[in-house]
Amino acid sequence: MEIFRDFTFDAAHAIEGLPDGHKCKNMHGHTYRLTVYLTGGLDPKIGWILDFADLKKLVWAACLDHLDHKNLNEVEDMGSPTCENITLWIWNRLKPELPGLTRITVREGENSGCTYNGD
Ligand SMILES: [Zn+2]
């Protein structure tokens, strides 16, 4: 069994190293959608893996407070703020806090995204 929770955050980035004329070279913004997937045993008294409210607090404190309405090019340890590196950055901060984390998905807009499970 796996539970998940969706989050959204808004942020700006510019991707360096692209050829002149590539639109992603210019500073621009996205509404990102993060989905966090967790597994674990059910609490025998309550019948849940984790309180969704606790998950929300943890994900905001560990990650999204540092990304929401920020310039991702200035986020420490991010490197080039591609969707892939944003996903890795979030994973590296969440996994120590959430041992049951199984995968995360970061969507950059409606149609594109990255999924990571630690491999
Ligand atoms: Zn972009």
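All values derive from a computational prediction rather than experimental measurement.

Q: Can you tell me about the pattern of salt bridges, naming the residues and giving the values?
A: Applying the stated criterion across every chain yields a total of four salt bridges. The residue K25 makes a salt bridge to D20 at a minimum N-O spacing of 2.6 Å. Classification of K25 by relative accessible area gives partly exposed; the value is 32%. Residue class for D20 comes out exposed when judged on its relative accessible area of 71%.

Q: Give a description of the packing of aromatic side chains that names residues and reports values.
A: Inspection of every chain in the model, using the stated rule, returns three aromatic pairs. Centroid distance F4 to Y37: 5.8 Å. Interplanar angle 40°. Geometry classified as tilted. Highlighted residues: F4 in strand 1 (residues 3–13) and Y37 in strand 2 (residues 28–38), separated in sequence by 33 residues. Its relative accessible area of 49% is what places F4 among the partly exposed residues. Over the face of the ring belonging to F7 we find R5, whose NZ or CZ atom lies 5.3 Å from the ring centre.

Q: Give a detailed account of the coordination of the zinc ion, specifying residues and quantitative values.
A: Distances from the zinc ion to its protein donors, namely H13 (NE2), H28 (NE2) and H30 (NE2), fall within the range 2.0 Å. Between consecutive donor residues of the zinc ion, the sequence gaps follow H-x14-H-x1-H. Highlighted residues: H13 in strand 1 and H30 in strand 2, separated in sequence by 17 residues.

Q: Any chance you could break down the packing of helix 1 (residues 52–67) against helix 2 (residues 83–94) for me, citing the residues and the numbers?
A: Remark: helix 1 packs on helix 2, axes separated minimally by 10 Å, with the N-to-C direction vectors making an angle of 145°. Of the two possible hands of crossing, helix 1 and helix 2 adopt the one that is right-handed. Where helix 1 abuts helix 2, its residues L58, V59, A62, C63, H66 and L67 lie against W89, I90, R93 and L94.

Q: Break down the sheet that holds strand 5 (residues 113–116) for me, citing the residues and quoting the values.
A: Spatially, the five strands line up as an open sheet ordered 3-1-2-4-5, and their pairing is mixed. The open sheet has two free edges, formed respectively by strand 3 (70–71) and strand 5, since each of these has just one partner strand. The sheet contact formed by strand 1 and strand 2 spans 11 bridges and is antiparallel. The residue bridging A11 from the neighbouring strand is H30, located in strand 2. Together, strand 1, strand 2, strand 4 (101–108) and strand 5 form the strand contacts of helix 2, whose direction differs from that of strand 4 by roughly 145°.

Basis of the calculations
- Residues numbered from 1 in each chain as written.
- Predicted model: local features only at pLDDT ≥ 70, side-chain atom pairs only at ≥ 80, totals over all residues.
- Heavy atoms only, no water.
- Salt bridge = Lys/Arg side-chain N within 4 Å of Asp/Glu carboxyl O.
- Buried < 20%, exposed > 50% of the residue type's maximum accessible area, 1.4 Å probe, protein only.
- Phe/Tyr/Trp six-rings, centres within 6.5 Å; stacked < 30°, edge-to-face > 60°.
- Helix = DSSP H or I, 4+ residues; strand = E, 2+ residues; numbered from the N terminus.
- Lys NZ or Arg CZ within 6 Å of the ring centre and 35° of its normal.
- Donors = N, O, S within 2.8 Å, 3.2 Å for Na, K, Ca; no water.
- Axes fitted to C-alpha atoms, helices over the stretch in contact; angles between N-to-C directions.
- Left-handed = near helix turned anticlockwise from the far one by under 90°.
- Contact = heavy atoms within 4.5 Å.
- Pairing = 2+ DSSP bridges.

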